Amino acid sequence: MDLGLTDRVAFVAGASSGLGYAAAAALAREGCRVALCSRDADRIEAAADRLAAALDLEDGRVLPLVCDVRDEAAIERAIGEAARRFGALHILVTNAGGPPSGFIGDFDAQQWREALELNLMSTINLCRHALPHLRAAARSAGHARVLMVTSVSAKQPIPSLYLSNTARAGVQGFAKSLAEELGLEGITVNTILPGYTRTERLKDLARAMQERTGQSVEAIEAGWAAGNALKRIGDPQEFADAVAFLASARASYITGVALPVDGGAVKHLL
Ligand SMILES: NC(=O)c1ccc[n+]([C@@H]2O[C@H](COP(=O)([O-])OP(=O)(O)OC[C@H]3O[C@@H](n4cnc5c(N)ncnc54)[C@H](OP(=O)(O)O)[C@@H]3O)[C@@H](O)[C@H]2O)c1
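The rules behind these values
Within each chain, residue numbers correspond to sequence positions counted from 1 in written order. At least 70 in pLDDT is required for a residue's local features to be given in this predicted model, at least 80 for side-chain atom pairs to be given and counted, and no such filter applies to totals for whole chains, interfaces and linings, which use all residues. With hydrogens and water excluded, all non-hydrogen atoms of the structure serve as input to the side-chain values. Think of it this way: any DSSP run of H or I at least four residues long counts as a helix, any run of E at least two long counts as a strand, and we number them from the N terminus. Remark: exposure states derive from per-residue accessible area (1.4 Å probe, protein chains only) relative to the maximum for the residue type, with buried under 20%, exposed over 50%, and partly exposed in between. The criterion is simple. A nonpolar core is a set of buried Ala, Val, Leu, Ile, Met, Phe, Trp, Tyr and Cys residues joined through side-chain atoms within 4.5 Å. It only takes one pair of heavy atoms within 4.5 Å for two residues to be counted as in contact. Buried and open spaces are told apart on a 1 Å grid over the protein atoms alone, a cavity being a set of points where a 1.4 Å probe fits but cannot get out and a pocket being an open set with protein on both sides within 12 Å along at least five of seven lines. Residues with an atom within 4 Å of a point are the lining residues. Grid points are joined across faces, edges and corners, and a volume is the space filled by probe spheres set on the points. To define axes, lines are fitted to C-alpha atoms, for helices over the stretch in contact only, and angles between the resulting N-to-C directions are given on a 0 to 180 degree scale. Left-handed describes a crossing whose near helix is turned anticlockwise from the far helix by less than a right angle; the clockwise case is right-handed. Ten residues, namely Ala, Val, Leu, Ile, Met, Phe, Trp, Tyr, Cys and Pro, are considered nonpolar, four, namely Asp, Glu, Lys and Arg, are considered charged, and the remaining ones, Gly among them, are considered polar.

Moving on to unusual backbone geometry. Leave glycine aside and you will find that most residues have negative phi; peptide bonds, for their part, are mostly trans. In this model, Asp7 sits at a positive phi of 65°, which is unusual for a non-glycine residue. Along the chain, Asp7 falls in the segment before strand 1 (9–12). By relative accessible area, which is 39% here, Asp7 ends up partly exposed.

This is the structure:
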């Protein structure tokens, strides 16, 4: 299937490693020009070099940008720079790191605010600043795409992930509102909900749970794997393939959807 992504321009946030990097690589593999951002210049430049080398890309098809998505001014600069350098912006993938794990007594109000800045406000601000460019792209190219990386915890809260459970639910409400408003303009808005997937974030979560419970990391991971239908942890590439499809021209009648990529961990009927 031709995904129709050749020469589309994508901006992927939180992309120096993990799911964001895999998403950026999948989009570049399908022919997109990709701007990718993270907080750290060395890490994001290394990621861009790695991606260009792995896919043997021509110069100028990957643009590394430093942007802390908690900083609205940095978002505005990074998105503006991507649109200027590539001449358009057709696809936005919102993403960042995850907040710490813990229960109700573990966080003060400031830590709650920080989690909402990291995972909710960043998503809203990335969309706000990308929107004029996405609208222009939809007018000239017929469609544009917004994909928001959230978590299966948005559908089925995970007991130790209060901060994530709460912020993700906000993103789902925002996404659904945006999908409704932008449909007529040819812009689809979908969320992608990873289950347990092998990244640095997963290692951090396993270490935190090990400290709390005394279980080995192997036992923790085995428990996570046992919780889904496929009985294994996911690979970032499997997540990224779903991103590429939803970003593609082929996903033209899919909007307002919350797609788990979780090996069947979510047990709801719908
Ligand atoms: N992996 C899983 O099993 C899983 C499951 C459910 C949900 N999720 C969620 O999916 C998202 C991505 O997860 P992941 O596993 O890929 O995490 P990860 O391995 O920790 O990678 C996070 C990426 O985001 C960047 N980043 C972190 N904070 C940022 C900020 N403030 N501004 C810009 N970039 C930032 C990091 O780069 P720098 O350090 O260079 O800034 C890194 O490239 C997270 O929100 C996570 O909670 C993951």
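After that view, the rundown keeps rolling.
With that settled, the discussion passes to the nonpolar core. In this structure, Phe11, Leu92 and Met148 are the most contacted members of the largest nonpolar core, which totals 37 residues. Of all the secondary structure elements, the ones that give two or more residues to this core are strand 1, strand 2 (33–38), strand 3 (62–66), helix 3 (72–86), helix 4 (109–141), strand 5 (144–149), helix 5 (162–182) and strand 6 (187–194). With 9 residues, helix 4 is the largest single contributor of residues to this core. If we ignore the near neighbours within four places in the chain, the residues touching Leu92 are Phe11, Ile79, Leu126, Cys127, Ala130, Leu134, Arg145, Val146 and Leu147. Within the second largest apolar cluster, 35 residues are counted, among which are Leu3, Ala47, Ile91 and Phe239.

In this section: the environment of Gly98. Assignment of secondary structure puts Gly98 in the loop between strand 4 (91–94) and helix 4. Each C-alpha atom, one on Gly98 and one on Ala247, is 23 Å from the other, the two residues being 149 residues apart in sequence. When sequence neighbours within four positions are dropped, the list of residues in contact with Gly98 reads Leu118, Asn119, Arg168 and Arg201.

Tallying each qualifying case throughout the model produces 1 cavity of 30 Å³ or more. Here the largest cavity is characterised by a volume of approximately 60 Å³. In this structure, the largest cavity is lined by Ser101, Ile158, Ser160, Leu161, Tyr196, Leu205, Met209, Arg212 and Trp224. The element that contributes the greatest number of residues to the lining of the largest cavity is helix 6 (residues 200–213), accounting for 3 residues.

The next point concerns the packing of helix 1 (residues 18–29) against helix 2 (residues 41–55). Their axes nearest at 11 Å, the elements helix 1 and helix 2 cross at an angle of 35°. Seen along the crossing, helix 1 lies across helix 2 with a hand that is right-handed. Packed against helix 1, whose contacting residues are Tyr21, Ala24, Ala25, Ala28 and Arg29, the element helix 2 presents Ala47, Arg50, Leu51 and Leu55 at the interface. The residue inventory of the contact of helix 1 with helix 2, partitioned by class, reads 7 nonpolar, no polar and 2 charged.

Purely geometric numbers; function is a separate question.
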